[in-house]
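Listed below, chain by chain, are the residues.
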Amino acid sequence: MRPQLPILLSLSLASALPSHPQTTELTPLPLIVWHGLGDDFQRDGMKEIASLAETINPGTYVHLIHLAPSGSGDRQATFLGNVTEQIASVCDQLASDNILRTAPAVNALGFSQGGQFLRGYIERCNFPPVRNLVTFGSQHNGIAEFQSCGWSDWICRGAEALLRAGRWSNLVQSRLVPAQYFRDPAELDAYLEHSNFLADINNERAVKNATYGERLASLNRFAMYLFEDDTMVHPKESAWFGEVNATSGEVTPLQDRQLYKEDWLGLKQLDKAGKLEFKTTPGGHMQLSEEVLSEVFQEYFGPVEVELPPVEAAEGPVLVKQGE
């Protein structure tokens, strides 16, 4: 006996529908990159890094953080500016990017001072939220010496001239970027009182900001790379939150510091969970090979499983009987 048309339609639709609809897919998260002192987002090197990220993990959306619309203005902002205001600006910049703000999370890559600035972003706003953070030669525990400028580098020389006003002056702490992460263990009282940036994001003052630790501890992985032959950053162990006695040269590793023992930043929590990684890479400061970067992109920024938006149930077919 020939079945009626409505039954035929129902059977056809049932066979076409998947029995187990897909709810997740593998996709690379967007990547945000913050460059270091004296660099800018329009440099060929930064563009090559963005291209490499997309080559290693096709489909990766890369956002190069910038503090000015032009390369020259962005470079100047690495020397001159208020870091607290700069991070607030970056929080707005990332939150207003349609791709970044709608992503389930982003990954973050920081070069030199860009690394501690990205950490400041995570602690102070973290929207969009960071999943994995990787930093190269970053001064997480500050610098105890300022690097010298080349005679032809007038922006750097101008910043250097500000130091004559005194590194703990309000003028310098609100204008000279490297001074805002200067930290000499011999001057801790002045540092805690006047530091515009580092003393706060390292939660070193008497009143702790619990949110900073909660946000940093929410990372899936935090990898810190130290350059083995770094002679530009003093001390180079700052890349691992290490503290160095300038007289004896003795290094106090992160795990032996109160910052870790009392877990002011959630680093102990990350470490105990196996999510805090201490890495080394050969060469001097920011001497990075494509091979090392490729390994980082594969290890930390590869595709992850994300949930697909729910598919709304269809209202169903309208069945028309024969003769209607």
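About the cut-offs
Residues numbered from 1 in each chain as written. Predicted model: local features only at pLDDT ≥ 70, side-chain atom pairs only at ≥ 80, totals over all residues. Heavy atoms only, no water. UniProt positions renumbered as here; feature names shortened; annotations may be inferred. Axes fitted to C-alpha atoms, helices over the stretch in contact; angles between N-to-C directions. Helix = DSSP H or I, 4+ residues; strand = E, 2+ residues; numbered from the N terminus. Parallel < 35°, antiparallel > 145°, perpendicular 65-115°, else oblique. Left-handed = near helix turned anticlockwise from the far one by under 90°. Contact = heavy atoms within 4.5 Å. 1 Å grid on protein atoms, 1.4 Å probe; cavity = no way out; pocket = protein on both sides within 12 Å on 5 of 7 lines; lining within 4 Å. Points joined across faces, edges and corners; volume = space filled by probe spheres on them. Nonpolar A, V, L, I, M, F, W, Y, C, P; charged D, E, K, R; others polar. pLDDT = per-residue confidence, 0-100. Disulfide = S-S within 2.5 Å. Salt bridge = Lys/Arg side-chain N within 4 Å of Asp/Glu carboxyl O. Buried < 20%, exposed > 50% of the residue type's maximum accessible area, 1.4 Å probe, protein only. Polar contact = N/O pair within 3.5 Å; in protein donor to acceptor, adjacent residues only side chain to side chain.

The protein chain carries the name Palmitoyl-protein thioesterase 1 in an unreviewed UniProt entry, which gives Aspergillus candidus as its organism. As recorded by UniProt, the Sequence similarities (unreviewed entry) comment attached to the protein chain reads in full: "Belongs to the palmitoyl-protein thioesterase family."

Closest axis-to-axis distance for the helix 6 (residues 113-124)/helix 11 (residues 210-217) pair is 7 Å, and the angle between their directions is 110°. Put simply, helix 6 runs roughly perpendicular to helix 11. For the element pair helix 6 and helix 11, the recorded crossing hand is right-handed. The residues of helix 11 that touch helix 6, namely those facing Arg-119, Ile-122, Glu-123 and Arg-124, are Thr-211, Tyr-212, Arg-215 and Leu-216.

Here the focus is the layout of surface pockets. In this approach the atoms are scanned with a rolling probe the size of a water molecule, which exposes any empty space left behind. One number sums up the size of the largest pocket: a volume of about 650 Å³. In this structure, the largest pocket is lined by 37 residues; those nearest its centre are Gly-36, Leu-37, Ser-112, His-285 and Met-286. The element that contributes the greatest number of residues to the lining of the largest pocket is helix 2 (residues 44-56), accounting for 4 residues. Tallied by class, the residues present in the lining of the largest pocket amount to 20 nonpolar, 10 polar and 7 charged.

Of all residues in the protein chain, 86% have pLDDT values of 70 or greater, and the mean over the chain is 89. Predicted confidence is poor over residues 313-324, with pLDDT under 50, and the contacts of this stretch with residues over four places away or in other chains come to 7 contacts.

A few words on empty space enclosed by the protein. According to the stated counting rule, one finds 1 cavity of 30 Å³ or more in the structure shown. Its volume calculated, the largest cavity comes out at about 50 Å³. Along the walls of the largest cavity sit Trp-34, His-35, Leu-67, Ala-77, Thr-78, Gln-86, Gln-113, Phe-117 and Val-177, which together make up its complete lining. Every element with two or more residues in the lining of the largest cavity is listed here: helix 3 (71-79) and helix 6.

Looking now at the state of the cysteines. Think of a disulfide as a covalent bridge from one cysteine sulfur atom to another cysteine sulfur atom. What the rule picks out here adds up to 1 disulfide. One disulfide in the model links Cys-91 with Cys-125; its S-S distance is 2.0 Å. Sign of the S-S torsion, about -80° for the bond between Cys-91 and Cys-125, identifies this disulfide as left-handed. Remark: Cys-125 occurs in the loop between helix 6 and strand 5 (130-136) and Cys-91 occurs in helix 4 (residues 83-95); sequence separation between them is 34 residues.

Moving on to the pattern of salt bridges. Pairing between side chains of opposite charge can happen when their charged atoms approach one another. Counted by the stated rule, this structure contains 11 salt bridges. Ionic pairing is found between Asp-39 and Arg-43, a salt bridge with its closest N-O pair at 3.8 Å. On the basis of relative accessible area, Arg-43 is assigned to the partly exposed category, the value being 36%. The partner of Glu-204 in a salt bridge is Arg-183, and the shortest N-O contact between them spans 2.9 Å. Placement of the pair is Glu-204 in the loop between helix 10 (198-201) and helix 11 and Arg-183 in the loop between helix 8 (170-175) and helix 9 (188-194), with a sequence separation of 21 residues. The exposure class assigned to Arg-183 is buried, which follows from its relative accessible area of 5%. Taken together, the shared-partner salt bridges connect Arg-183, Glu-204, Glu-243 and Arg-257 into one network.

Its place among the elements puts Ala-165 in the loop between helix 7 (154-162) and helix 8. Aside from chain neighbours lying at most four places away, what touches Ala-165 is Leu-171 and Val-172.

Take the side chain of Asn-132 next. Along the polypeptide, Asn-132 turns up in strand 5. Engagement of the side chain of Asn-132 in a polar contact is seen with the side chain of Asn-220, the distance being 3.0 Å. Separated by 3.1 Å, the side chain of Asn-132 and the backbone nitrogen of Arg-221 make a polar contact. If we ignore the near neighbours within four places in the chain, the residues touching Asn-132 are Val-106, Asn-107, Ala-108, Asn-220, Arg-221, Tyr-300 and Phe-301.

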